[in-house]
Amino acid sequence: MTQPPLTGQVKLNADLLTRSICTKSFNENEQRINSIDFTADGQTMLTSSDDDQIVIYNCNTGTKNRAVNSKKYGVDLIRFTHNSNNGIHCSTKIDDTIRYLSLHDNKYIRYFPGHTKKVLTLCMSPQDDMFLSGSEDKTIRLWDLKTPNCQGVMQVASRAVAAFDPDGLIFGAGINSQCVKLYDLRSFDKGPFMTWQFEQEPHCDWTGMKFSPDGKHIMLTTNGEVIKIIDAFKGVLTHTLRGHQNAKRLPLEATFTPDSQFVLCGSSNGLINLWSVENGMHQGEIKTDHQGLIQQISFNPRFFLMATACTKLNLWIPPDDA
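In this convention, every chain numbers its residues from 1, walking through the sequence in written order. Per-residue local features are limited, in this predicted model, to residues with pLDDT of at least 70; the limit for side-chain atom pairs, both in listing and counting, is 80 or more; totals at the level of whole chains, interfaces and linings are taken over all residues. As a rule here, side-chain values come from all non-hydrogen atoms in the structure, and water together with hydrogens is ignored.

What about the overall build of the protein?
And step 1. The way it works is that DSSP assigns letters per residue, a run of H or I at least four long becomes a helix, a run of E at least two long becomes a strand, and they are numbered from the N terminus. Check the secondary structure of the protein and you find one helix and 28 strands.
And step 2. Radius of gyration here is computed from C-alpha atoms only, and the compact-globule reference equals 2.2 Å multiplied by the residue count raised to the power 0.38. Compactness check: the protein gives a C-alpha radius of gyration of 18 Å against a globular reference of 20 Å for 322 residues, within 12% of the reference.
And step 3. Once the C-alpha set of the protein is aligned to its principal axes, its extents read approximately 55 × 45 × 40 Å.
And step 4. Note on classification: 1.4 Å probe, protein chains only; a residue is buried when its accessible area is under 20% of the maximum for its type, exposed when over 50%, partly exposed between these limits. Within the protein, buried positions represent 58% of all 322 residues.
And step 5. Between two residues, a contact is recorded if the distance between any of their heavy atoms is within 4.5 Å. Across the protein, every contact between residues at least 6 apart in sequence was considered, and the portion connecting residues at least 24 apart equals 45%.
And step 6. When the accessible surface of the protein is summed, it comes to about 13600 Å², and 46% of that surface belongs to carbon and sulfur atoms.
And step 7. Note on charges: Lys and Arg go in the positive column, Asp and Glu in the negative column, and His and the chain ends are not counted at all. The atom standing in for a charge is NZ when the residue is Lys, CZ when it is Arg, CG when it is Asp and CD when it is Glu. In the protein, 32 positive and 34 negative side-chain charges are present, and the distance between their average locations comes to 3 Å. For every accessible area listed, the method is Shrake-Rupley and the probe measures 1.4 Å; residues are considered covered only by the protein chains on display.

Observations regarding the UniProt feature "repeat: WD" (unreviewed entry) in the protein
And step 1. UniProt positions are given in the numbering used here, feature names are shortened, and annotations may be inferred rather than shown by experiment. Per the UniProt record, "repeat: WD" (unreviewed entry) is found at residues 26-67 and 112-153.
And step 2. As annotated, residues 26-67 comprises 0% helix and 57% strand, and the C-alpha atoms at either end are separated by 13 Å.
And step 3. Helix makes up 0% of residues 112-153 and strand 62%, and the two end C-alpha atoms of the span are 13 Å apart.

Quick notes on the confidence of the model for the protein
And step 1. Per-residue confidence for the protein gives a mean pLDDT of 92; residues scoring 70 or more make up 97%.
And step 2. Every residue in residues 4-8 is under pLDDT 50, and counting partners more than four places away or in other chains gives 15 contacts. Note on scores: pLDDT gives the predictor's confidence for each residue, bounded by 0 and 100.

Some thoughts on the pairing of strand E6 (residues 76-80)
And step 1. Where burial is concerned, most of E6 is hidden: five out of the five residues are buried.
And step 2. Strand pairing follows a simple DSSP-based rule, namely that at least 2 bridges must link the two strands. Here three bridges tie E6 to strand E7 (residues 86-90), and the two strands are oriented antiparallel to one another. From the neighbouring strand, Phe80 faces E7, where its bridge partner is Gly87.

Structural notes on unusual backbone geometry
And step 1. The phi angle at Asn176 is positive, at roughly 60 degrees, despite the residue not being glycine.
And step 2. The residue Asn176 is located in the loop between strand E15 (170-175) and strand E16 (179-184) in this model.
And step 3. Judged by relative accessible area, Asn176 falls into the partly exposed class, the value being 32%.
And step 4. One non-glycine residue, Ser260, lies in positive phi territory at about 65 degrees.
And step 5. If you trace the backbone, Ser260 turns up in the loop between strand E22 (254-256) and strand E23 (262-265).

Some points on the sheet that holds strand E26 (residues 296-299)
And step 1. Here four strands make up an open sheet; going across it, the order is E1-E28-E27-E26 and the pairing antiparallel. Of all strands in the sheet, those bounded by a partner on one side alone are strand E1 (21-26) and E26. Here the strands of the sheet are splayed against their neighbours by 20 degrees on average, with no regard to which way each runs. Fitting a line to C-alpha atoms yields each axis, with helices limited to the stretch in contact; the angle taken between N-to-C directions then spans 0 to 180 degrees.

Looking at the pairing of strand E18 (residues 206-211)
And step 1. Among the six residues in E18, five count as buried, and that is most of the element.
And step 2. Bridge count for E18 against strand E19 (residues 217-222) is five bridges, and the pairing is antiparallel. Its bridge partner being in E19, Lys210 is matched across the sheet by Met219.
And step 3. What sits between E18 and E19 in their antiparallel hairpin is a turn of five residues, with Gly215 showing a positive phi close to 75 degrees.

Considerations on the state of the cysteines
And step 1. Cysteine sulfur atoms that come within 2.5 Å of each other are treated as a disulfide pair. Under the defined criterion, the tally for this structure stands at zero disulfides.
And step 2. With no disulfide of its own, Cys310 lies closest to Cys22 among cysteine sulfurs, the gap being 11 Å.

Comments concerning the side chain of Asn300
And step 1. Tracing the backbone shows Asn300 in the loop between E26 and strand E27 (306-309).
And step 2. Owing to a relative accessible area of 0%, Asn300 belongs among the buried residues under this scheme.
And step 3. Polar contact criterion, stated in full: a pair of N or O atoms within 3.5 Å, where within protein one must be able to donate a hydrogen and the other to accept it, and residues adjacent in sequence count only if both atoms are side-chain atoms. A polar contact is formed between the side chain of Asn300 and the backbone oxygen of Gly42, at a distance of 2.9 Å.
And step 4. A distance of 3.1 Å separates the side chain of Asn300 from the backbone nitrogen of Phe303, its partner in a polar contact.

Details of the packing of aromatic side chains
And step 1. The pairing test for Phe, Tyr and Trp rings, Trp by its six-membered ring, is centres within 6.5 Å, and the orientation test on the planes gives stacked under 30 degrees, edge-to-face over 60, and tilted for anything in between. Tallied over the entire structure, the rule returns eleven aromatic pairs.
And step 2. Taken together, a centroid distance of 6.0 Å and an interplanar angle of 10 degrees make the contact between Phe131 and Trp143 stacked. Pair noted here: Phe131 is in strand E11 (residues 130-135) and Trp143 is in strand E12 (residues 139-144), with a separation of twelve residues, a long-range link.
And step 3. Using a relative accessible area of 0% as the deciding quantity, one classes Trp143 as buried.
And step 4. The side chain of Arg99 reaches across the aromatic face of Tyr73, ending 3.5 Å from its centre. We count a charge as sitting over a ring when the NZ of a lysine or the CZ of an arginine lies within 6 Å of the ring centre and within 35 degrees of the ring normal.

Topic: the sheet that holds E6
And step 1. An order of E6-E7-E8-E9 is seen for the four strands of this open sheet, with the pairing classed as antiparallel. Looking at strand neighbours, the two that pair on one side only are E6 and strand E9 (107-112), the edges of this open sheet. With strand direction ignored, the average angle separating the axes of adjacent strands in the sheet is 25 degrees.
And step 2. When strand E8 (residues 98-102) meets E9, the two strands line up antiparallel, connected through five bridges. In the sheet register, Tyr100 faces E9, and the bridge partner there is Arg110.

This is the structure we're talking about:
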């Protein structure tokens, strides 16, 4: 399975994206796949699922490399570190400790205790060994892979989501589904350097945060049928994306394309939805063979390769005439 790079050979547009072809399907999991992540070079992908399994895939060949299990602790929100042989993940059993795992030999390198309730956000810095976590315990914690000791704790008013910007110099926190705060990583203990308030969407909570690859936008995903796009410099709401179904009001992941021009999100009716970041308009849908809810979706950062998941994982590439 060869997918063209996104620089030079293929320029993304709405027509190309909505005609994406499902080229591979994997049925490695008995339960819901709860996270997908790619290495920065786009060569490797991994997933975690509610059946306590971690699966690593080769993106060049579209094949499964290997699987490792975390039966004792469970696994959620798995993320690559800057080494494709290592990952960090949240726990679903015993406690809410974050765990640093060698994927090569399935041994734990380090534990990061501190959270007392479910971890909702876990993200690696794009530049170094720092990572962020946000929890239902109303704290955001900053960590360094090299030490189990938390580097900083921010007490917030409610559950929070968080994300690094693409340069790894600042991070954002979304609090109480109505406030975004920006922090300078070098002086986060001094508090946010920017705070923006937004009108809260009725019957809808923010469940995830992402900066666009070009750093110009912040996306807030929800457990409703809306996605918020915010100008990352001005702090104004630029678009509210609508048109996808979320019948059970579950957290839905969404993904920017690597050129930051489009957003894709799954739905509860087996469709992938596409929007333009520039004008916020719904650009179309991709039909899938997913049975019901597509909760996970992620676009490869280097190649035209998209992954979607329910209990099954599908890989998508451009149409033959691309």
